[in-house]
Amino acid sequence: MQHIHFRILWMMTVLLAGPLAQKATAQQEMSYIGELGFTAGGAHYFGDINTTTGLRAVKPTVGIFYRKYFNDYVGARAHFRFMQLGYSDVYNTNEFQRRRNLSFNSDVFELALQGDFNFFRFEPGSYDYRFSPYLTLGISAFHFNPYAYYNGNKYFLQPMHTEGQGTSAYPDRKPYSLFSYAWLMGGGMKYSLSRRVNLGLEVLFRFTQTDYLDDVSTTYAGISAFPTKADGSATLAAILQDRSNVTGAPIGVQGRQRGNSRDKDQFATIELTLGILFTSYRCKF
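Residues numbered from 1 in each chain as written. Predicted model: local features only at pLDDT ≥ 70, side-chain atom pairs only at ≥ 80, totals over all residues. Heavy atoms only, no water.

Draft legend 1. Main features of the overall build of the protein chain. On a plain count of helices and strands, the protein chain comes out with three helices and ten strands. Going from the N terminus to the C terminus, the protein chain shows its helices and strands as α-β-β-β-α-β-β-β-β-β-β-α-β. The buried share of the protein chain, taken over its 285 residues, is 44%. Counting only contacts in the protein chain whose residues sit at least 6 apart along the sequence, the fraction spanning at least 24 positions is 74%. (Helix = DSSP H or I, 4+ residues; strand = E, 2+ residues; numbered from the N terminus. Buried < 20%, exposed > 50% of the residue type's maximum accessible area, 1.4 Å probe, protein only. Contact = heavy atoms within 4.5 Å.)

Draft legend 2. Seen up close, empty space enclosed by the protein. Scanning the entire structure with this criterion turns up two cavities of 30 Å³ or more. When its residues are assigned to classes, the lining of the largest cavity shows six nonpolar, two polar and four charged. Counted as a void, the second largest cavity has a volume near 40 Å³. For the second largest cavity, the full set of lining residues is F65, R67, R77, Y134, K190, E202 and T273. (1 Å grid on protein atoms, 1.4 Å probe; cavity = no way out; pocket = protein on both sides within 12 Å on 5 of 7 lines; lining within 4 Å. Points joined across faces, edges and corners; volume = space filled by probe spheres on them. Nonpolar A, V, L, I, M, F, W, Y, C, P; charged D, E, K, R; others polar.)

Draft legend 3. Layout of the layout of surface pockets. Its boundaries defined by the atoms lining it, the second largest pocket holds a volume of some 290 Å³. Grouping the amino acids of the lining of the second largest pocket by side-chain chemistry returns two nonpolar, ten polar and seven charged.

Draft legend 4. Main features of the nonpolar core. Residues Y45, I49, L85, F142, F144 and L213 are the most contacted members of the largest nonpolar core, which totals 22 residues. Looking at this core, the elements with two or more residues in it are β1 (29–46), β3 (74–88), β4 (103–118) and β8 (179–192). Here F142 is in contact with V108, F109, E110, L178, F179, S180, Y181, A182, T208, T210, L213 and F267, once residues within four sequence places are set aside. L157, A221, A225 and F226 belong to the second largest nonpolar core, which has ten residues in total. (Core = buried A, V, L, I, M, F, W, Y, C linked by side-chain atoms within 4.5 Å.)

Draft legend 5. Layout of the pattern of salt bridges. Applying the stated criterion across every chain yields a total of 13 salt bridges. A salt bridge links R121 to E123, with the shortest nitrogen-to-oxygen separation between them at 2.4 Å. Judged by its relative accessible area of 21%, E123 is partly exposed. For R258, the salt bridge is made with E163, and the minimal N-O distance between the two is 3.0 Å. (Salt bridge = Lys/Arg side-chain N within 4 Å of Asp/Glu carboxyl O.)

Draft legend 6. Summary view of the side chain of T210. Structurally, the position occupied by T210 is in the loop between β9 (197–208) and α3 (236–241). Classification of T210 by relative accessible area gives buried; the value is 8%. Here the side chain of T210 touches Y212 through a polar contact of 3.1 Å, landing on its backbone nitrogen. (Polar contact = N/O pair within 3.5 Å; in protein donor to acceptor, adjacent residues only side chain to side chain.)

This is the structure we're talking about:
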């Protein structure tokens, strides 16, 4: 009889221990709640001065982001970047663009909100699910401030009103804002080095809502839109609005095309990413 009681007690212990063990295991299950990351790479501009896909002026970009994971396939992040953009007509082979001889540079500060969608299941530290290509979409707000050099000195172009913005001759041309936004589309791939560290490569294209990233958009205002100095010499604004005299006879007559206002400016980045993962332990029950 004692043997029977012992066997019954042993069976009840096994039956109860199974769920308790599972629960204890579940309580120790690790889940990923977020990722702090750093990015570095190159940025490039496309617009009225660079009308082709030429990559002649790649400039640096760095960034920091925080990504929230919802599951193994979907995440969202806030990403802050600093980058430099610029281009010059000296890179163009088109005769008019080469003669136009315009150029610009700009520091850009961008805050983006992006959604990331993995094509494969992605589990950092797993041998089977440690790599995935992904699609990223989003929107960003950014600040820019184009400038150019003249006689070795740096001059910001927006206050110059180089296309007659804000003048009585062109009341319909308002000074452009130095803040704008862009729609983002891109993709990349990421690889998990460990449960704590991810590496990645991302290409991101921006469709901006400004045509003045390069200070070029519409037609020449003409020299008459820029009053001369007291001594009769040309102002700096008059000089910077038409730089074609360096390559030959000036071409910046009033009404002549300076840029293409039908298309907005664009820019892209390619970045290496390093992510540090944050984890928590939770129970599924």
